[in-house]
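Working through the structure, step by step
Single-letter residue listing:
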Amino acid sequence: VAIHRIYLISTIGNLDSFSVSVRYDFDDVNSKLNDLLFYVRIFDIGEERMTKVQHVLEEIMFHLYDMGKKEQKQGSFDVSVIDQPERFSIIIKDVGKAYNPLVSYQPGEHDVIDEEQIGIAIVQGLCDEINYKYANGLNCLYLNIKK
């Protein structure tokens, strides 16, 4: 079975961006997270926004790693960071069945929440806009932090 990935192409000119493919391997997640944070620091987005981006990347990347391990996924997921004029975007692409990690936690729904739900709650609290799309076997999660 051939897998065709969808890649984002900028329509507004040159943007500062960086993308990585991350294997479902703990060491690779750590390594690629450090690579992404290195490039985000180069973007010079300000300390407060940098802290938000760091926490969001950590939570969502390790969440995807955990889900991939539970489902015994092979291959990788893609993470892109894009510094746009009005917002900073994090885009996560993952091949597989439809899975929106954000619906695993809804505020006020549970008396006791687990570690996974706390991580998703952190992502929801730090991002100004969150969108999820599923098409042709590809999960796309768009996380935006306004400037």
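Describing the nonpolar core
- Counting 33 residues, the largest nonpolar core has Leu57, Met61, Val79, Val81 and Ile90 as its most contacted members.
- For this core, the secondary structure elements donating two or more residues are strand 1 (16-23), helix 1 (26-43), helix 2 (47-70), strand 2 (76-83), strand 3 (87-95), helix 3 (115-126) and strand 5 (138-146).
- When residues in this core are grouped by element, the largest group, eight residues, is from helix 2.
- In this structure, Met61 is in contact with Val22, Val29, Lys32, Leu33, Leu36, Phe77 and Val79, ignoring residues within four places of it in sequence.

Description of the side chain of Asp28
- The topology assignment puts Asp28 in helix 1.
- Judged by its relative accessible area of 7%, Asp28 is buried.
- Leave out the neighbours within four places in its chain, and Asp28 touches Ser21, Val22 and Arg23.

Quick word on the confidence of the model for the protein chain
- Summarising the model, the protein chain shows a mean pLDDT of 83, and 80% of its residues fall at 70 or more.
- Note that pLDDT drops below 50 for residues 1-5; the model gives that stretch four contacts with residues more than four away or on any other chain.
- This model gives residues 7-13 a pLDDT under 50, and the stretch forms six contacts once residues within four places in sequence are excluded.

Conventions we followed
- Residues numbered from 1 in each chain as written.
- Predicted model: local features only at pLDDT ≥ 70, side-chain atom pairs only at ≥ 80, totals over all residues.
- Heavy atoms only, no water.
- Core = buried A, V, L, I, M, F, W, Y, C linked by side-chain atoms within 4.5 Å.
- Buried < 20%, exposed > 50% of the residue type's maximum accessible area, 1.4 Å probe, protein only.
- Helix = DSSP H or I, 4+ residues; strand = E, 2+ residues; numbered from the N terminus.
- Contact = heavy atoms within 4.5 Å.
- pLDDT = per-residue confidence, 0-100.

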